[in-house]
Amino acid sequence: MNPKTYEALTVMENRLNQIDEDLMKPETLSNVKKLTDLNKERSDLDSKVSKFLEYKQNEETIQDSKKMLTSEKDPDMVEFLKAELEEAQSKKQTLVDQLQALLIPKDPNDDKNTIVEIRGAAGGDEANIFAGDLFRMYSRYAEDNNLKIEILEAMPGDAGGYSQISFMVKGDGAYSKLKYESGAHRVQRVPKTESKGRIQTSTATVAVLPEISEVEIDIKPADLRIDTYRASGAGGQHVNTTDSAVRITHIPTGIVASSQDGRSQFQNKDIAMARLRAEVYEAEQEKQNAEVHAARKLAVGTGARSEKIRTYNYPQNRVTDHRIGLTINKLDQIMDGHFDEIVNALQQEDEREKVQEHLENENN
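Bear in mind that the values here come from a model prediction, so they are computed numbers and not experimental data. (Residues numbered from 1 in each chain as written. Predicted model: local features only at pLDDT ≥ 70, side-chain atom pairs only at ≥ 80, totals over all residues. Heavy atoms only, no water.)

**A few points about the packing of aromatic side chains**
Just so we agree on the cut-off: Between the rings of Phe, Tyr and Trp (Trp by its six-membered ring), a pair exists once the centres lie within 6.5 Å; its type follows the angle of the planes, with under 30 degrees stacked, over 60 edge-to-face, and the other angles tilted. Helix and strand definitions here come from DSSP, where helices need a minimum of 4 consecutive H or I residues and strands a minimum of 2 consecutive E residues; each element is numbered from the N-terminal end. Classification of residues uses two cut-offs on accessible area relative to the type maximum, computed with a 1.4 Å probe and protein chains only: under 20% is buried, over 50% is exposed, and between them is partly exposed. Lysine and arginine charges are scored as sitting over a ring when NZ or CZ, respectively, is within 6 Å of the ring centre and within 35 degrees of the ring normal.
This structure, assessed with the given rule, holds six aromatic pairs. Ring centres of Phe 135 and Tyr 162 lie 5.8 Å apart, and the angle between their planes is 80 degrees; this geometry places the pair in the edge-to-face category. One end of the pair, Phe 135, is in helix α5 (residues 125-144); the other, Tyr 162, is in strand β3 (residues 162-170), and 27 residues separate them in sequence. Taken individually, Phe 135 and Tyr 162 each receive the classification buried, so the pair is uniform in this respect. Between the aromatic rings of Tyr 141 and Phe 339, the centroid separation amounts to 4.3 Å while the plane-to-plane angle is 25 degrees, which identifies the pairing as stacked. Remark: Phe 339 occurs in the loop between α9 (331-334) and α10 (340-363) and Tyr 141 occurs in helix α5; sequence separation between them is 198 residues. Taken together, the ring pairs connect Phe 135, Tyr 162 and Phe 167 into an aromatic cluster. Sitting over the face of the ring of Tyr 281, Lys 112 holds its NZ or CZ atom 5.9 Å from the ring centroid.

Structure (structure tokens):
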């Protein structure tokens, strides 16, 4: 194990022991905030320290076995010690790999609710229909994973589907499950609007943004222009007869967020502000990460909407994720929301890349 990694884990072990002592003190037990903070910190450290203790125990086994082999004369005992040593040495690298993965900083947004926006792109009516198919796919996936969906804004397509639909996905780990969906999704099939039976290619773009609270990003009221207007489309009498729709412009960045499907102007303003915070946060993150992405692009991609990430081929019942070269011949199941196999593969590749980057930084 790298000495820096060992040192960092030792610090964590000592800190966990200190927390356990602090949690027994009366002044801690009477302070709800401090008690909550310490328990949260302990929870974050526990898995790392437990694995580190397992690693140290395995190292003791290796050293003890080697030492005993130098003096042991009994043939049966020698065989036993050799087997024990071989097993411990084989286990050592696995433990190191597991510890390296645990030390990678967790994405602070993983546990947040997420805002998903789907737009029909190239392909006209068929692109909008495909956008609707993707919305259904994510809805089914959310249902399977105990997540709730709340539609924020929807613009139905003339031939079906949506030219644009945005929705909030709420629940534990919502962002962590969907964050790799950002990018251009390509479909190859005979369009429902096509009478001659020719296979065509259309695209829809997906943007996945973590829900950002007011305290996480500072948006000054003076930097906002808020306009109200009369909503169009279905939604009830109040939608069509009052200026309930809200459009908010963030002047410094030019980012615009709007909502018209809420039941009141106040609700639409809250929805639009939630979307605006998420998009301004995304723009700031992209700005901060620009140099990193230029020097090193993760295999799972940057998450940009323009990046082609996946192809859905209906004639061959095939889905291909281009970022990791994964092809699955279960398109029918995936479009019904069962795409955990893709999510898990992307998470594993992302973790592998981060571990590799972490090791390279340690060695520099």
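**As for the layout of surface pockets**
To find leftover empty space, a probe the size of one water molecule is rolled over the atoms. What counts, and what does not: Residues are said to line a cavity or pocket when one of their atoms sits within 4 Å of a point; the points come from a 1 Å grid over protein atoms alone, cavities being sets where a 1.4 Å probe fits but cannot get out and pockets being open sets with protein on both sides within 12 Å along at least five of seven lines. Grid points are joined across faces, edges and corners, and a volume is the space filled by probe spheres set on the points. Amino acids outside the nonpolar list (Ala, Val, Leu, Ile, Met, Phe, Trp, Tyr, Cys, Pro) and the charged list (Asp, Glu, Lys, Arg) are all regarded as polar, and Gly is one of them.
Empty space within the second largest pocket amounts to approximately 670 Å³. Lining the second largest pocket are 21 residues, and of these Ile 104, Lys 106, Asp 107, Asp 110 and Glu 351 lie nearest its centre. For the lining of the second largest pocket, the elements supplying multiple residues, two or more each, are α3 (32-69), α4 (75-103) and α10. Considering each element in turn, the lining of the second largest pocket owes the most residues, six residues, to α10. A class-by-class count of the residues in the lining of the second largest pocket yields five nonpolar, five polar and 11 charged.

**Things to note about the sheet that holds strand β7 (residues 245-250)**
For clarity, the cut-off: A pair of strands is labelled paired if DSSP reports no fewer than 2 bridges between them. The angle between two axes is taken between their N-to-C directions and runs from 0 to 180 degrees, where each axis is a line fitted to C-alpha atoms and a helix contributes only its stretch in contact.
Ordered in space as β6-β7-β8, the three strands form an open sheet in which the pairing is antiparallel. Here the strands that pair on one side only, and so sit at the sheet edges, are β6 (224-229) and β8 (255-259). Taken over all neighbouring pairs, the strand axes of this sheet differ in orientation by 15 degrees on average, direction set aside. Taken together, the six bridges between β6 and β7 define a ladder with antiparallel strand orientation. Pairing of Leu 224 across the sheet is with His 250, part of β7.

**Remarks on the pattern of salt bridges**
The cut-off we apply is this: Here, a salt bridge means any side-chain nitrogen of Lys or Arg that lies within 4 Å of a carboxyl oxygen of Asp or Glu.
Scanning the entire structure with this criterion turns up 24 salt bridges. In this structure, Arg 225 and Asp 227 form a salt bridge, with 3.6 Å as the shortest nitrogen-oxygen distance. Looking at Asp 227, the relative accessible area reads 26%, which means it is partly exposed.

**Describing the confidence of the model for the protein chain**
Our working definition: Every residue carries a pLDDT, the predictor's confidence in it, which falls somewhere between 0 and 100. Throughout, a residue-residue contact means that at least one pair of heavy atoms, one from each residue, lies within 4.5 Å.
On average, residues of the protein chain carry a pLDDT of 85, and 88% of them reach 70 or more. Residue range residues 234-239 is modelled with pLDDT below 50. Its contacts to residues more than four positions away, or to other chains, number eight contacts. Note on residues 291-299: pLDDT is under 50 here. Beyond four places in sequence and across chains, it has 12 contacts.

**A word on the sheet that holds strand β11 (residues 326-328)**
As summarised here, the arrangement of the eight strands in space is β2-β3-β1-β5-β4-β9-β10-β11, forming an open sheet in which the pairing is mixed. Unpaired on one side and paired on the other, β2 (148-156) and β11 mark the two borders of the sheet. Within the sheet, the average angular offset between the axes of one strand and its neighbour, ignoring direction, is 15 degrees. Of the pairings in the sheet, the one linking strand β10 (residues 318-321) to β11 comprises three bridges and is antiparallel in character. Residue pairing in the sheet places Val 319 in a bridge with Ile 328 of β11.

**Looking at the pairing of β3**
Burial of β3 is extensive: seven of the nine residues sit out of reach of the surface. Of the strand pairs in this sheet, strand β1 (residues 114-120) and β3 are connected by six bridges, and their pairing is antiparallel. Pairing of Ile 115 across the sheet is with Met 168, part of β3. With eight bridges connecting them, β2 and β3 associate as antiparallel partners. For Glu 150, the partnering residue across the bridge sits in β3 and is Met 168.

**Quick notes on the nonpolar core**
Quick reminder of the rule: The set of buried Ala, Val, Leu, Ile, Met, Phe, Trp, Tyr and Cys residues whose side-chain atoms join them within 4.5 Å is what this entry labels a nonpolar core.
Residues Ile 118, Leu 134, Tyr 138, Tyr 312 and Phe 339 are the most contacted members of the largest nonpolar core, which totals 34 residues. In terms of residue count, α5 provides more of this core than any other element does, eight residues in total. The contacts of Ile 118, once residues within four sequence positions are left out, are Ala 131, Leu 134, Phe 135, Tyr 138, Ser 163, Gln 164, Ile 165, Phe 167, Ala 204, Thr 205 and Val 206. Core analysis: the next-biggest nonpolar cluster, separate from the first, contains 14 residues, Leu 16, Ile 19, Leu 38 and Leu 95 among them.

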